Amino acid sequence: SHWYGNFVDNLRLYVRGGSGGMGLPRLGGQGGKGGDVWVVATKNMTLKRIKDKFPQKRFVADAGANSGVRALKGERGADKEILAPVGITVTTDEGRTLGDLNVEGDRVMVTKGGSGGSLYSAFQPSKGEAKHIRLDLKLIADMGLVGFPNAGKSSLLTALSNATPQIASYAFTTLKPEIGKLIYDDYKQISVADLPGLIEGAHMNKGMGHKFLKHVERTKQLLFVVDVCGFQLASKTPFRSAFEAVQLLTKELELYKEELLSKPALLVVNKMDLPDAEDKLAELKEQLQNPAEFSDLLPEDMIPQNYLTFRHMVPVSAITGFGISHLKSCIRQSLDEDAALEVKATHREKLQALRKQSQGRA
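Residues numbered from 1 in each chain as written. Predicted model: local features only at pLDDT ≥ 70, side-chain atom pairs only at ≥ 80, totals over all residues. Heavy atoms only, no water.

Before going further, it helps to examine the overall build of the protein chain. In terms of helices and strands, the protein chain carries seven helices and 15 strands. Its C-alpha atoms give the protein chain principal-axis dimensions of roughly 95 × 45 × 40 Å. Burial analysis of the protein chain (362 residues in total) assigns 51% to the buried set. Long-range pairs, those at least 24 residues apart, make up 73% of the contacts in the protein chain between residues at least 6 apart in sequence. Separation of charge centres in the protein chain, based on 48 positive and 42 negative side chains, amounts to 12 Å. (Helix = DSSP H or I, 4+ residues; strand = E, 2+ residues; numbered from the N terminus. Buried < 20%, exposed > 50% of the residue type's maximum accessible area, 1.4 Å probe, protein only. Contact = heavy atoms within 4.5 Å. Lys, Arg positive; Asp, Glu negative; His and termini not counted. Charge placed at Lys NZ, Arg CZ, Asp CG, Glu CD.)

Moving on to a negative patch on the surface. Judged by side-chain charge, Asp-276, Glu-278, Asp-279, Glu-283, Glu-286 and Glu-293 come together as a negatively charged surface patch. A per-element tally of the negative patch places helix α5 (residues 277-289) first, with four residues. (Patch = residues over 30% accessible without salt bridge, like charges linked within 9 Å, V, L, I, M, F, W, Y side chains within 5 Å. Areas by Shrake-Rupley, 256 points an atom, 1.4 Å probe, with all protein chains shown as cover. Salt bridge = Lys/Arg side-chain N within 4 Å of Asp/Glu carboxyl O.)

With that settled, the discussion passes to the confidence of the model for the protein chain. The share of residues in the protein chain with pLDDT of 70 or more is 93%, and the mean pLDDT across the chain is 89. In the model, residues 1-5 has pLDDT below 50 throughout and makes 21 contacts with residues more than four positions away in sequence or in other chains. (pLDDT = per-residue confidence, 0-100.)

Its domain assignment divides the protein chain into domain 1 (10-138) and domain 2 (141-341). Placing a centre on the C-alpha atoms of domain 1 and another on those of domain 2 gives a separation of 42 Å. Listed by partner, the interface residues are seven residues for domain 1 and six residues for domain 2. For the pair domain 1 and domain 2, the two sides together bury roughly 600 Å², of which 56% comes from carbon and sulfur. Looking at the side of domain 1 facing domain 2, the largest losses of area belong to Asn-102, Leu-137 and Lys-138, adding up to 57% of the total buried there. Summed over the shared surface of domain 1 and domain 2, the result is zero salt bridges. Linking domain 1 to domain 2 there are three residue pairs in polar contact (both at pLDDT 80 or more). A class-by-class count of the residues in the side of domain 1 that touches domain 2 yields two nonpolar, three polar and two charged. (Domains from an automatic or database assignment. Buried area = accessible area lost by both parts, 1.4 Å probe. Polar contact = N/O pair within 3.5 Å; in protein donor to acceptor, adjacent residues only side chain to side chain. Nonpolar A, V, L, I, M, F, W, Y, C, P; charged D, E, K, R; others polar.)

Right, let's get into the nonpolar core. The biggest cluster of nonpolar side chains holds 63 residues, and the ones touching the most others in it are Val-39, Val-90, Leu-135 and Phe-224. No other element matches helix α4 (residues 242-256), which puts eight residues into this core. The contacts of Phe-224, once residues within four sequence positions are left out, are Val-146, Val-246, Leu-249, Thr-250, Leu-253, Ala-265, Leu-266, Leu-267, Val-268, Leu-308 and Phe-310. Ranked by size, the runner-up nonpolar core spans 22 residues in total, among them Tyr-184, Val-268, Leu-327 and Ile-331. (Core = buried A, V, L, I, M, F, W, Y, C linked by side-chain atoms within 4.5 Å.)

This paragraph deals with a nonpolar patch on the surface. Where nonpolar side chains cluster on the molecular surface, the patch consists of Leu-27, Val-69 and Leu-72 and spans about 270 Å² of accessible area. Tracing the sequence through the fold places Val-69 in the loop between β3 (58-60) and β4 (80-84). A relative accessible area of 61% places Val-69 in the exposed class.

On to the environment of Lys-51. For Lys-51, the position within the fold is in helix α1 (residues 47-53). Remark: the alpha-carbon pair of Lys-51 and Glu-278, spanning 227 residues in sequence, is separated by 46 Å.

As structure tokens, this is what we get:
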């Protein structure tokens, strides 16, 4: 149900409540109610994990027990719990919201079990409800900026945005990213999030770095930002060229959660107003065409297993405004491209389901 590589940000599941148990007419016995199906927010869970663990994507609760001479009141069927990540919206197939999972332990009932047979139903039980539901990862923005602290991300966000970027807060997380809104001539809006600075070794740092990387999951696409002339974080840390910065950022994402790298990515080369920027840009282009040839510039443990291919590489200067409108149109193009693919994929999925249904009837 997702369209890029292996990053799963939405899932469609089949759920069915348990059937009720049979009633017992001669003694007026009542059958047990069927179990319900719940989605429960759990720590360290991902949609990809659900998909891998339950490839059939079917979740059915237990049936209620029949009424019998020994137990006139049939026992209730056990509920089925689907363990899901925090920060999820649960909807029907048509998009109606059933509930939100914002914090660990939040629960949403998605389908009810059938009632047991009793005097009122001529002792016949009813079946559990069956339906498809969707689990959607709540997004904080369409695009997420990924870059080291000096790359000029916040001035880039300001240059792109129609209004001053706003600090946003969300029910499902403590981190407060800055969100800029890009507004196009046809009034379409695209949101871009600047997530607090990523530093080398973020994947090892359970604090800020880890939170940062968690937020990258909640954007549709990634916007890498590097300083064309490279950077040095502190006098004690080594100087890193723009090419090295790209590989280090890639490595951080890979070490945190490899499937993040299957999201579409664009590369913004900022600070083109600096002297020597043109030469440095030419050098970066050449290196990115053959990254493996230049990877000996990096320490062994910082070389990514797979190099990222960027959909667009856009040189800009956030300060002078050079390249900004071109960048806006690249962002739009990349998101539109994926929206079209997603519509196709959903369409295909529904067709397959209809085919299966008609085969089932045949």
